[in-house]
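# Architecture at a glance
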Amino acid sequence: MNNIEVGQELELHIEKMASKGQGIARYNGKTVFVEKAIAGETVQARVTKVKKDYSVALTVLVLEKSPHRIDPLCPVSEECGGCQLQHMDYEGELAFKKGEVKDALRRLGHIDVEINDVIGMDNPSYYRNKAEYPVAYVDGKTVMGLYKGRSHDVVPIDKCMIQNEKSQVVAQEILGFIRDHGISVYDERTKRGFVRHIMTRCTRMGEVMAVVVAKEGSLPYKQDLIDKLKAINGFAGLILNINPKETNVVLGDKNILLYGEDRIVDKIGDLEFYISPASFFQVNPVQTEILYSKVLKFAALQGNELVIDAYCGVGTISLFLAQRTYHVIGVEAAGKAVRDAKENARLNNISNADFIVGRSENVMEKLIKQDIKPDVIVVDPPRKGCDAAVLKSMGKMSPKRIVYVSCNPSTLARDLKQLSNMYSIKEVQPVDMFPRTAHVETVVLMSRVDK
């Protein structure tokens, strides 16, 4: 028997890379996913998990290095689950992400088209405008950090290589305040403790909002914290969020404004958007502007088109489209997001965008019955992709162009395959929204096949 066992060390050749950034190797006919390994390398790896059809291992020694291997800039990259590709140079990372999109379209969608090179960042560090740090006791000390991969064990972090630097200063001040005053932190096992998370949100203009997420009650010594944070240039507001539930969701339903503003305003291009603690907003503002410019280019609006923006969220794409065309209908299931979208439209004096609350599959069917025929449909669904009924409705509406924005190449491939009998793929453009991670965003232009 050549069974693989947990703890066993194997010498493995990495044939290719998986969608989550692991290397893929074969051992005695079985697939092994190898953490922190790069295609083309030979590594010594320790098995950490064994399943019926595959195993998982962690690289302990690189025997033959890829030319794309680098020493990680982050000192806790081996433990932290926030980044998957700190051990790979940026050229290699962008090539991997292009390959990920290409492989998904071929393997899952049976689609063989040219993929544009991934649009990367000039500086792929300190780009995130939102941070959520769990707090915990580690070795008897109160710390904040991020979770280890596939766990809820907190890895203490002093400085994160992908988070906005000013927001990290704010978070560290809050951590120091918690320590100085001996404020208890939440323990997931005992369900006791006060502070659960420290959240920061920041803008491109340098404003920072802080949210202390607590199980219940009021924040003790709050004036001391307010005085510390007020001294930081650009600090805009402090909010106490109450989350008493036993859940993985960070924010609860109740916000208490302790100081300043309960929302900040950020810009994408010429448009402004309100950002509150729970607002959905792209975390990489530099790449978001590039992504939306591609959406506009693919939509090819001349000024007289009706556009439907399904899964529109708080209306960011809808409002960009509305600047260039006659009318936009945004559709979103989350009522709060639609309220935010309407407020963002008012903030930007945009009156030609309507927003409808409802599941896209239901709303689009109603629009069909009203004989509404869009010239362009834009979809930006969650990772699970479009509901099958949405794809069916898109076919019935028969727009000239479909612009599909995807954060998951696998579900993108599935949905493009279903649309391919009526639409041809004209361009596929990946955009690196999340450097140092395995995630990639993709924009696809499809044109109706007129028979």
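Before going into details, it helps to say that this report is about the structure given with it. (Residues numbered from 1 in each chain as written. Predicted model: local features only at pLDDT ≥ 70, side-chain atom pairs only at ≥ 80, totals over all residues. Heavy atoms only, no water.)

### Notes on the overall build of the protein chain
Stated precisely, the cut-off is as follows: Elements are defined by DSSP. Helices are runs of H or I of four residues or more, strands are runs of E of two residues or more, and each kind is numbered from the N terminus. Buried, partly exposed and exposed residues are distinguished by accessible area as a fraction of the type maximum, computed with a 1.4 Å probe on protein chains only: under 20%, between the cut-offs, and over 50%, respectively. By definition in these notes, contact holds between two residues if any of their heavy atoms fall within 4.5 Å. For accessible areas, the Shrake-Rupley method is used with a probe of radius 1.4 Å. Any residue's cover is judged against the shown protein chains and nothing else. The charged-residue count follows a simple rule in which Lys and Arg add positive charge and Asp and Glu add negative charge, with His and chain termini not counted at all. Charge placement uses NZ in Lys and CZ in Arg. For Asp and Glu, CG and CD serve respectively.
Helix and strand counts for the protein chain come out as nine helices and 22 strands. Considering only C-alpha atoms, the protein chain reaches an extent of 65 × 65 × 40 Å along its principal axes. By residue count, 54% of the 451 residues in the protein chain fall in the buried class. If you take every contact in the protein chain between residues at least 6 apart in sequence, the share linking residues at least 24 apart comes to 63%. Summed over its atoms, the accessible surface of the protein chain is roughly 20800 Å², and 47% of this surface lies on carbon and sulfur atoms. Distance from the positive charge centre (61 side chains) to the negative charge centre (58 side chains) of the protein chain: 5 Å.

### Focus on a positive patch on the surface
Here is the rule: Patch membership requires over 30% relative accessible area and the absence of a salt bridge. Like charges are linked within 9 Å, and nonpolar side chains (Val, Leu, Ile, Met, Phe, Trp, Tyr) within 5 Å. One side-chain nitrogen of Lys or Arg within 4 Å of one carboxyl oxygen of Asp or Glu is enough to make a salt bridge.
Taken together, K20, K49, K51 and R383 make up a surface patch of like positive charges. The topology assignment puts K49 in strand β5 (residues 42-50). A residue is classified by how much of its surface remains accessible, and K49, at 34% relative accessible area, is partly exposed.

### Quick look at the sheet that holds strand β2 (residues 16-17)
Strand pairing in a sheet relies on backbone hydrogen bonds, with the paired strands running either antiparallel or parallel. As a reminder, the rule being used: Note on pairing: two strands pair once DSSP finds at least 2 bridges between them.
Read across the open sheet, the six strands follow the order β1-β5-β6-β4-β3-β2; overall the sheet is mixed. Whereas interior strands pair on both sides, the edge strands pair on one side only; in this sheet they are β1 (9-13) and β2. Pairing geometry for β5 and strand β6 (residues 54-64), over eight bridges, is antiparallel. Paired with A45 across the two strands is T59, which belongs to β6.

### Section: the packing of helix α8 (residues 388-397) against helix α9 (residues 409-419)
The test is simple: Structural elements are reduced to axes, namely lines fitted to C-alpha atoms, with helices fitted over the stretch in contact, and the angle between N-to-C directions of any two is expressed from 0 to 180 degrees. Crossing handedness: left-handed means the near helix sits turned counterclockwise from the far one by under a right angle, and right-handed means the same turn made clockwise. Only Asp, Glu, Lys and Arg are considered charged, only Ala, Val, Leu, Ile, Met, Phe, Trp, Tyr, Cys and Pro nonpolar, and every remaining residue, Gly among them, polar.
At their nearest, the axes of α8 and α9 sit 10 Å apart, and the two run at 35° to each other. Both α8 and α9 take part in a crossing whose hand is right-handed. In this structure, α8 contributes A388, L391 and M394 to the contact, and α9 contributes D415, Q418 and L419. When the residues that make up the contact of α8 with α9 are grouped by side-chain class, the tally is four nonpolar, one polar and one charged.

### A closer look at a nonpolar patch on the surface
Among the surface-exposed residues, V60, L61 and L63 lie close enough to one another that they form a single nonpolar patch of about 230 Å² accessible area. Positionally, V60 belongs in strand β6. The class of V60 is partly exposed, set by a relative accessible area of 35%.

### Some words on the pattern of salt bridges
Enumeration according to the criterion identifies 20 salt bridges in this entry. Here the salt bridges do not stand alone but share partners, grouping E93, K97, D432 and R436 into one network.

### Some words on helix α6 (residues 335-347)
Inclusion rule: Expected span, for any helix, means 1.5 Å times one less than how many residues it has. Working definition: the arc comes from the directions between the helix axis and the C-beta atoms, pointing outward to the latter.
With 13 residues, α6 ought to run about 18 Å at 1.5 Å a step, and its terminal C-alpha atoms sit 18 Å apart, in line with that. Of all the residues in α6, the buried ones are A337, V338, D340, A341, N344 and A345. With its buried residues spanning 160° around the axis, α6 presents them on a single face. Structural note: α6 exposes R339 and R346 on the side pointing more than 90 degrees away from its buried face. Of the surrounding elements, those touching the buried residues of α6 are β15 (271-275), α5 (316-322), β17 (327-332) and β18 (353-357). N349 occupies a position one or two residues after α6 and carries a positive phi of about 55°.

### Quick look at the pairing of strand β3 (residues 23-27)
Judged from the two bridges that link them, β2 and β3 form a sheet pairing that is antiparallel. Opposite K16, over in β3, you have I24 as the bridge partner. Adjacent in sequence and paired antiparallel, β2 and β3 are bridged by five residues, among which G21 carries a positive phi angle near 95°. Relative to strand β4 (residues 30-35), β3 runs antiparallel, the two sharing five bridges. Residue A25 lies in a different strand from β4, and its bridge partner there is V32. Where β3 folds back on β4, the antiparallel hairpin that results is connected by two residues, among which N28 adopts a positive phi of roughly 50°.

### Focus: the environment of E132
Going by this rule: Think of a polar contact as two N or O atoms within 3.5 Å of one another; within protein, one of them needs to be a possible hydrogen donor and the other a possible acceptor, and neighboring residues in sequence only count if both atoms come from side chains.
Along the polypeptide, E132 turns up in strand β7 (residues 130-138). Along the primary structure E132 and K400 are separated by 268 residues, whereas in three dimensions their C-alpha atoms are 41 Å apart. If we skip the residues at most four places from it in the chain, E132 touches G145, L146, H197, I198, M199 and V250. At a separation of 3.5 Å, a polar atom in the side chain of E132 contacts the side chain of K130.

### Overview of unusual backbone geometry
Not every positive phi belongs to a glycine, and A300 is a case in point at roughly 50°. Tracing the sequence through the fold places A300 in the loop between α4 (285-299) and β16 (306-310). Of note in the backbone geometry, R436 takes a positive phi value of approximately 75° without being a glycine. Turning to its location among the elements, R436 is positioned in the loop between β21 (423-431) and β22 (441-448).

### Section: the side chain of S55
Position of S55 among the secondary structure elements: in strand β6. You can call S55 buried: its relative accessible area is 4%. With residues up to four places along the chain from it excluded, the contact list for S55 reads I4, T31, V32, F33, K49 and V50.

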